[in-house]
Amino acid sequence: MLTLIRNANLFTPSAVGLQDVLFGTGGVITIAEPGSLHVGSLPCHEVDAKGSALVPGLVDPLVHISGGGGEGGFHTRTPEMQLTEATLAGVTTLVGALGTDAVSRSLEDLLAKARGLANEGLTTYIYTGSYEYPVKTLTGDITRDMMLIDKVIGVGEIAIADHRGSQLSAAELARVASQARVGGMLSGKGGIVFVHVGDGKGGLDILSEVAGTTDIPLSQFYPTHINRSRALLEQGVAFALAGGVIDFTASENSATLNSDEISAIDAVKHALAAGVAVSQITLSSDGNASLPVFDADGRLTGLEVGRVGSLAKAFRDLISEGIAVADALAMTSSNAARILGLDTKGAIAEGKDADLVLLNDQFEPEFVWCLGKAMVANGLPLVRGTFEIV
Ligand code: ZN
């Protein structure tokens, strides 16, 4: 079944104006001037976009799809992500990760969840490993996981500067990075090391040390939570100006923002003002991570859960703050696709996957297609997760 979207205000992510876009489950077939495409007698579903914005599906480089958290005891383990949390937000590609807990959570479970979400329609990948060093893997080491398991595209979240991490040395981190690099080269994948950066001593120093003392380039690392504190943000700006990429966390609540954390939007504005190129910045949701809630006296009173939808909200907030739509899309879709080596993602062009989002005038997803299949129409799910109750 083909779909023809007519009269879309197309962002590829570059703004190209009104276009018609023809696609199927095999990808985007052609893009042409409005009214110039004729599909003849072929069965084709037509949608008149009436000038609404058509954008690539968002790419989320960090979601705890099988649940995360647990740092407050077993009852604080967070639930799994459900399909429509992503599709209703226009997130069509995501990378699943473990976190602190690699005992009651496993890579086998993470891989199964990624496959389940793919069966339901999303494009999913995973990182092998967790916060821990030595890195836990599925097949014995990082390179083997990357070469033998299609969904494994890198290693992460390796924790640095965090009391929950394994306090690994620069030499140990270099070995992790070299295994990911070789695994990426041999399997044709990005092979990045996705790095969880805590609020501990040193911040990003260990990444610069590895790049400065070994043959591993700075670009092998993809550090996240760089908006965790003012000091880390400044370090991240320097890291990006030196050629690195930095990721800001979009899930936030009043408690995290009352701490030293900076909102992802403010962090983007600060980094851009400091001269960081749009191409070096991404946002991730950190979906299904736990978010602590504190009372006025700083006592823990509850936990909330990070949401994949925070990435879509950040996309809208960037635009309302005056960031160009193309730049907001770069930071929430195409940059992550490039960094992760996902060649068919993050762009609308002939031959790319048909992951498309038609937005309303508030820049909210109105229609969403994943791999050419309609998942959301008029802001409501057409496809629900297997266990999502109507
Ligand atoms: Zn993290």
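Residues numbered from 1 in each chain as written. Predicted model: local features only at pLDDT ≥ 70, side-chain atom pairs only at ≥ 80, totals over all residues. Heavy atoms only, no water.

### Thoughts on the side chain of S333
Mapped onto the elements of the fold, S333 is located in helix α10 (residues 325-340). The contacts of S333, once residues within four sequence positions are left out, are P56, G57, L58, V59 and G346. (Helix = DSSP H or I, 4+ residues; strand = E, 2+ residues; numbered from the N terminus. Contact = heavy atoms within 4.5 Å.)

### Considering the domain arrangement of the protein chain
The assigned domain composition of the protein chain is domain 1 (2-55 + 346-381) and domain 2 (57-340). Averaged C-alpha coordinates put domain 1 and domain 2 at centres separated by 29 Å. If you look at the interface, domain 1 gives 23 residues, while domain 2 gives 23 residues. A buried area of about 1,700 Å², summed over both sides, lies between domain 1 and domain 2, and 73% of it is on carbon and sulfur atoms. There are 0 salt bridges connecting domain 1 and domain 2. Run the count over domain 1 and domain 2 and you get 1 residue pair in polar contact (both at pLDDT 80 or more). Secondary-structure elements contributing two or more residues to the side of domain 1 that touches domain 2 are β16 (356-359), β17 (365-370), β18 (373-377) and β19 (380-381). Examining the composition of the side of domain 1 that touches domain 2, we find that 4 residues originate from one element, β17, more than from any other. Here the residues of the side of domain 1 that touches domain 2 are counted per class, giving 17 nonpolar, 4 polar and 2 charged. (Domains from an automatic or database assignment. Buried area = accessible area lost by both parts, 1.4 Å probe. Salt bridge = Lys/Arg side-chain N within 4 Å of Asp/Glu carboxyl O. Polar contact = N/O pair within 3.5 Å; in protein donor to acceptor, adjacent residues only side chain to side chain. Nonpolar A, V, L, I, M, F, W, Y, C, P; charged D, E, K, R; others polar.)

### Here we look at the layout of surface pockets
When its volume is computed, the largest pocket comes out at roughly 950 Å³. Residue lining of the largest pocket: 38 residues in total, with R164, R228, T256, S290 and P292 positioned closest to the centre. Top contributing element to the lining of the largest pocket by residue count: strand β14 (residues 290-294), with 4 residues. Class assignment for the residues of the lining of the largest pocket results in 8 nonpolar, 20 polar and 10 charged. The calculated volume of the second largest pocket comes to roughly 200 Å³. Counting only elements with at least two residues in the lining of the second largest pocket, the list comes to β9 (152-160) and α5 (205-213). Tallied by class, the residues present in the lining of the second largest pocket amount to 5 nonpolar, 7 polar and 3 charged. (1 Å grid on protein atoms, 1.4 Å probe; cavity = no way out; pocket = protein on both sides within 12 Å on 5 of 7 lines; lining within 4 Å. Points joined across faces, edges and corners; volume = space filled by probe spheres on them.)

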